Amino acid sequence: MSCDGKIGVVVLGSTGSIGRQALDVIERHRDRFRLVGIAAYNETALLCEQARRCQPLAVNVHEDKAYKALQQQLNGGIRLSQGMQGLCELAAHPQADVVLVAVSGAIGIEPTLTAIAAGKRVALANKETLVAAGDLVMRRVEDEGILLLPVDSEHSAIFQCLAREREHLHKIWLTASGGPFRSYSPMQLENVTVAMTLKHPTWMMGPKITVDSATLMNKGLEVIEAHHLFAADYDHIEVVVHRESIVHSLVEFVDGSFLAHLGPHDMRIPIQYALTYPQRQESPVQRLDLCSLGELHFEKPDRLRFPALDLAYQAGKTGGTMPAVMNAANEVAVSAFLDEGLSFNSIVTAVAEVMERHLPLPADDLDTILDADHWARREAQNIIQQLSKRV
Ligand code: MG
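Visitor: I would appreciate a short explanation of the overall build of the protein in the present structure.
Guide: What the protein contains, in helices and strands, is 17 helices and 11 strands. The principal-axis extent of the C-alpha atoms belonging to the protein is close to 55 × 50 × 40 Å. Within the protein, contacts between residues separated by at least 24 positions form 67% of all contacts whose residues are at least 6 apart in sequence. For the protein, the distance from the average position of its 36 positive side-chain charges to the average position of its 48 negative side-chain charges is 5 Å.

Structural data, given as structure tokens:
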């Protein structure tokens, strides 16, 4: 904690959906938090506005061009940096107590490891980091004795339900909204467009995670994330479709009791909880009205229509570099879909083909993981080119 008694927070990915909501939480509780640094990929206009409004000590931007724009627009007092090195400096900033990692994709691995090494509390909203480098990250968390708190709504829910009862856990039940195409036939899924995909039924999120929610890859990534966060075997992690997204996840204990976590769809709750844990404080969210909810529904996910889920279980059980490869291939395939260079169904086809070509290695060090990630990205590009020619 800094000398003024406030919690120093660094927000990596401040212009994304989680980042913007995190700044809202911080600004509402200025007596409690101090914004130390913010970082974005290339959205300079919003980044500059955030910097002027919140006056952090340091600002980082990833892209070279964006950095030049930032230098022109921001001057005096704020330390500016560019690229991965600057991002890692921010993650280890001496004034920071908590580092919120809310960047999108495997780019989050290095700053997360840096924050852990610097002894910071890590609030992790970037699931790709645990998917690709979960063994390594969790080992470092243990070695350094730091606290890594999940911000993903499901994992925050599980964390809260488990509390100090990890040893009595029987099963984790991850809830899934089912995405916008929950009830689509295989034929209808063939003709899904980008615009249709970006309309998520319950959560407002960035484009990458919204597409992942529609393919159910998001839930697959969350299964792997849960495996690492709670040291749970894959046979003890289940997915259940719950279209209302009111129950954010459940745990089942050895005696047959279930604990569920319920709440409004507002990411500011898990963000704030990760920053204030073990305390809670007031939040501006719209309260749940249980009586007006009426019914809650639970159903099995359709693993045939949404093969991404089984693919993720397969990658997780294989272990080593396989989850990193699956994740990287998925990032490339999703971005090709968003650029309208790949059909919706081909996202998962492309990921499966990259996984088939991969010979997994133990993922004990960062270089091996990043090599596998880069290999998978190249391989995915090749496969996507072939797939788009076939159409
Ligand atoms: Mg989630």
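Visitor: Before we go on, may I ask you to explain the environment of A195 in this structure?
Guide: Tracing the backbone shows A195 in helix α9 (residues 194–197). For A195 and L338, which are 143 residues apart along the polypeptide, the C-alpha to C-alpha distance reads 9.1 Å.

Visitor: Teacher, can you tell me more about helix α12 (residues 268–276) here?
Guide: Since the α-helix turns once every 3.6 residues, residues separated by three or four places project in the same direction. Counted residue by residue, α12 has 8 buried out of 9 residues, so it is predominantly covered. Regarding α12, the residues found buried are R268, P270, I271, Q272, Y273, A274, L275 and T276.

Visitor: What is the right way to read the coordination of the magnesium ion from this model?
Guide: Ideal coordination angles are 109.5 degrees for a metal with four donors arranged tetrahedrally and 90 or 180 degrees for a metal with six donors arranged octahedrally. Taken together, the protein ligands of the magnesium ion are D152 (OD), E154 (OE) and E222 (OE), with distances of 2.1 to 2.3 Å. Written as a sequence motif, the donor residues of the magnesium ion are D-x1-E-x67-E. Residue D152 is found in the loop between β7 (148–150) and α7 (153–162), and its partner E222 is found in helix α11 (residues 217–229); the two are separated by 70 residues along the sequence. Take D152 and E222: they sit in the same class, and that class is buried.

Visitor: Any chance you could explain the pattern of salt bridges here in plain terms?
Guide: Think of it this way: side chains of opposite charge can pair up when their charged atoms draw near. The full count for this structure, using the stated rule, is 23 salt bridges. Among the salt bridges present, the one from R79 reaches E89, with a minimum N-O distance of 3.1 Å. Here R79, found in strand β4 (residues 79–82), pairs with E89, found in helix α4 (residues 83–91); they are 10 residues apart in sequence, far enough to count as distant. Among the residues examined, R79 registers a relative accessible area of 54% and is labelled exposed. Judged by its relative accessible area of 37%, E89 falls in the partly exposed class. Its salt-bridge partner being R377, residue E331 comes within 3.0 Å of it at the nearest N-O pair. Taken together, the residues span a long stretch of sequence, with E331 in helix α15 (residues 322–338) and R377 in helix α17 (residues 366–390) at a distance of 46 residues. On the basis of relative accessible area, E331 is assigned to the buried category, the value being 14%. Linked by salt bridges that have partners in common, K127, D152, E154, K219 and E222 make up one network.

Visitor: Where do I start with the sheet that holds β7 in this structure?
Guide: The pairing of strands in a sheet happens through backbone hydrogen bonds and is either parallel or antiparallel. Taken together, the 7 strands give an open sheet; going across it, the order is β4-β3-β2-β1-β5-β6-β7, and neighbouring strands pair in parallel fashion. What marks the edges here is a single partner per strand, and that holds for β4 and β7. For this sheet, the mean angle separating the axes of adjacent strands, direction not counted, is 20°. Pairing analysis gives 4 bridges linking strand β1 (residues 7–12) to strand β5 (residues 98–101), with the strands arranged parallel. What sits directly across from V11, in β5, is L100.

Visitor: What is the right way to read α7 from this model?
Guide: For α7, the tally of buried residues reaches 9 of 10 residues, placing the bulk of the element in the interior. Of all the residues in α7, the buried ones are S153, E154, H155, S156, A157, I158, Q160, C161 and L162. Packed against the buried residues of α7 are β7, β8 (169–176), α11, β10 (247–253), β11 (258–262) and α12. One or two positions beyond α7, positive phi appears at A163, with a value near 40°.

Visitor: What is the right way to look at the packing of helix α6 (residues 127–144) against α11 in this model?
Guide: Axes are the key here: two packed helices are described by the angle between their axes and the distance separating the axes. Axis separation between α6 and α11 bottoms out at 8 Å; the angle between their running directions is 20°. Considering their axes alone, α6 and α11 lie roughly parallel with respect to each other. As for how α6 packs across α11, the hand of that crossing is left-handed. Residue-level inspection shows K127, L130, V131, G134, D135 and M138 of α6 in contact with α11, the latter providing N218, L221, E222, I224, E225, H228 and L229. When the residues that make up the contact of α6 with α11 are grouped by side-chain class, the tally is 6 nonpolar, 3 polar and 4 charged.

Visitor: I would appreciate a short explanation of the pairing of β10 in the present structure.
Guide: Strand residues, when the strand is regular, have side chains that alternate between the two faces of the sheet. Buried residues dominate β10, accounting for 7 of its 7 residues. As paired elements, β8 and β10 share 4 bridges and run antiparallel to each other. Directly across from K171, in β10, lies its bridge partner E252. In this sheet, β11 lies alongside β10 in antiparallel orientation, the contact comprising 5 bridges. From the neighbouring strand, V251 faces β11, where its bridge partner is L259. Here β10 hands over to β11 after 4 residues, with G256 in that stretch at a positive phi of 95°.

Calculation notes
- Residues numbered from 1 in each chain as written.
- Predicted model: local features only at pLDDT ≥ 70, side-chain atom pairs only at ≥ 80, totals over all residues.
- Heavy atoms only, no water.
- Helix = DSSP H or I, 4+ residues; strand = E, 2+ residues; numbered from the N terminus.
- Contact = heavy atoms within 4.5 Å.
- Lys, Arg positive; Asp, Glu negative; His and termini not counted.
- Charge placed at Lys NZ, Arg CZ, Asp CG, Glu CD.
- Buried < 20%, exposed > 50% of the residue type's maximum accessible area, 1.4 Å probe, protein only.
- Donors = N, O, S within 2.8 Å, 3.2 Å for Na, K, Ca; no water.
- Salt bridge = Lys/Arg side-chain N within 4 Å of Asp/Glu carboxyl O.
- Pairing = 2+ DSSP bridges.
- Axes fitted to C-alpha atoms, helices over the stretch in contact; angles between N-to-C directions.
- Parallel < 35°, antiparallel > 145°, perpendicular 65-115°, else oblique.
- Left-handed = near helix turned anticlockwise from the far one by under 90°.
- Nonpolar A, V, L, I, M, F, W, Y, C, P; charged D, E, K, R; others polar.

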